[in-house]
Structure formats: C-alpha cells, structure tokens
Amino acid sequence: MLLDIRNVSVSFKKENQKSLFGKERQRVLDDISFSMDYEDAIGIVGPSGSGKSTLGKVILGIIKPDTGEVILEGEKIPSIASRKSMSLVFQDYKASVNPRFTIRQIIEEPLFLSKSSLNKDKEINRLLKDVGLDESFASRFPHEVSGGQLQRICIARSIATNPKIILLDEATSSLDLENQINILDLLKELKSKYKLSYIFISHDLDSINYLCNKVITLKNGKVETYD
Ligand SMILES: Nc1ncnc2c1ncn2[C@@H]1O[C@H](COP(=O)(O)OP(=O)(O)OP(=O)(O)O)[C@@H](O)[C@H]1O
C-alpha cells in the first residue's frame, strides 16, 4: 500500500469568539480513514469548507492532525523521505511561482542540490517536452507565458523530483474549459508514463470522473461516500 490515512481528525481554534481567550474549537476533519494504492488517482470532492485542502495539508505533513496518522510506504509522515515522495500543484499557479525567476529557474528549484548544471539543462528540456512545451520556454519569465502554459510549467516542476504522489489542489479550476481538458489529458499521460499516483482535490465531479479511479466525498469534515 502506498498511503494509509488512519482516523485523522483536525480542529482549529474558532475565530470571532465572544470571550477574548475563548477556547472553542471547530472540528474540520472528523475521523477520516482511507488508503491509496500505487498508481491510484483519488479524487477528493466536497462543498466549500468541507475540509478538502486541510486534508491535503495533513497528507503533505504541513498540518499535524490532533489524532490519527498518515503512513506513506510504512513510514509515518512527516518524515524526510515523505517530503521527497510528494509534490504539490496549486490552483493559483501565478502565486506559486516567483515572477522574477525564468521558467528554467522555476523548474530547477526543486532540483537545486541534486544534479550537475550540465545535466540540469538536459533535464529541464526533457521536463518541458514532457508537458508539451519546447526548449525556448526555458528563458522566458512567467508573465511571458499563458495561464495554461504556466500550469504546465508547475506540473513540470512537480514531476522534477520523481515523486510518487502528486497532490493537485484545484489545479485545473482557474483554467478555461479547453485548457482544463488539455491539462487533464496531460496528467493522464504523465501518470501512465511515470507510474504516478494523484490526489486530486476539486469541486468538479466531471474532472474527477475523467481522471480518478476512486472518489472520496467530504461533507462537514467527514467522509460521506467512498468508492
Ligand atoms: N489554519 C486555519 N485556521 C483556522 N481555520 C481554518 C484554517 N484552515 C482552514 N480553516 C477552516 O477549516 C474549514 C475547512 O477549510 P478547507 O480549506 O480545508 O476547506 P475546503 O473544502 O478546501 O474549501 P474550499 O473548497 O473552499 O477550498 C473552513 O471552515 C476553514 O475556514
């Protein structure tokens, strides 16, 4: 098994409490359990505020759950190994890149310590090709590419470290329909090429049905359906 989420609960301190030192907490995730096999694409769907992104952050080790655990290949998260095995693609691709970096610098950011510079150029060209862009993109800046192209660049960055799991948080939601479909097709292609596993957080059931083999529906922090 690749990933095992066991009885995860998360609560946050409630905002705007009547008393200044109020200790009321809001339970955002309530006893969530599910597992993921190699090469699964799991869709997480649910209304706004249902806890989808919080669950993503728990899986990435950004938020420590109050109770429960996340086990990646038998190892508890967060661990050094887990950080290397997972990467992330956001909805807000513009905010997730440094506007002063060239596309080459953006893609090589996670490769910083790992490869010699000669190999790096080759690697960047290969990654650009993987996401359907040619080598000329490497020297451009983010404002010189389209939204769909920038999201492709973020996907190239996310596969640069050979992760096992890519967490895509509303990764297609700010794109127009044509770009959404193109990105979903690209994700499918990369998945089979590199035997990737995806956790795909989305409002959009059509996209989830297109890409994913399992769907988890969250409602008020609980798993409502799992199939
Ligand atoms: N760091 C935090 N501190 C306090 N409350 C938080 C924090 N992060 C999230 N919440 C609250 O937890 C609940 C779930 O948020 P979350 O972002 O996980 O929902 P979501 O399902 O991803 O929503 P959306 O679809 O709108 O992105 C919300 O009520 C949110 O206000």
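Residues numbered from 1 in each chain as written. Predicted model: local features only at pLDDT ≥ 70, side-chain atom pairs only at ≥ 80, totals over all residues. Heavy atoms only, no water.

As annotated in an unreviewed UniProt entry, the chain carries the name Nickel transport system ATP-binding protein and comes from Acetoanaerobium pronyense.

Here we look at the pattern of salt bridges
Here is the rule we go by: Within this document, salt bridges are pairs made up of a side-chain nitrogen of Lys or Arg and a carboxyl oxygen of Asp or Glu, the two lying within 4 Å of each other. Relative accessibility decides the category of a residue: with a 1.4 Å probe and only protein chains considered, values under 20% of the type maximum give buried, values over 50% give exposed, and everything between is partly exposed. Strands here mean DSSP runs of E at least two residues long; helices mean DSSP runs of H or I at least four residues long; both are numbered from the N terminus.
Evaluated as defined, the whole model comprises 13 salt bridges. Residue Asp4 pairs with Arg6 through a salt bridge whose shortest N-O separation is 2.8 Å. With a relative accessible area of 36%, Arg6 lands in the partly exposed category. The closest approach of N and O atoms between Arg104 and Asp121, which form a salt bridge, is 3.3 Å. Separated by 17 residues along the polypeptide, Arg104 in helix 3 (residues 103-108) and Asp121 in helix 4 (residues 117-130) bring together distant segments of the chain. Looking at Arg104, the relative accessible area reads 31%, which means it is partly exposed. By relative accessible area, which is 35% here, Asp121 ends up partly exposed. Here the salt bridges do not stand alone but share partners, grouping Asp4, Arg6, Glu69 and Lys76 into one network.

A few points about the sheet that holds strand 8 (residues 197-201)
Note the threshold: Following DSSP output, two strands are said to pair if at least two bridges run between them. Lines fitted to C-alpha atoms define the axes here, with helix axes fitted over just the stretch in contact, and angles between the N-to-C directions of these axes take values from 0 to 180 degrees. In what follows, a contact means two residues having at least one pair of non-hydrogen atoms within 4.5 Å.
Read from one edge of the open sheet, six strands run 6-7-8-3-9-10, paired in mixed fashion. Single-partner strands in this sheet number two, and they are strand 6 (86-89) and strand 10 (222-226). Across the sheet, the mean angle from the axis of one strand to that of its neighbour is 20°, orientation sign disregarded. Examined bridge by bridge, strand 6 and strand 7 (residues 165-169) share four bridges and lie parallel to one another. By the bridge assignment, Ser87 is partnered in strand 7 with Ile166. Running at roughly 170° to strand 6, helix 5 (residues 147-159) makes contact with strand 6 and strand 7 of the sheet.

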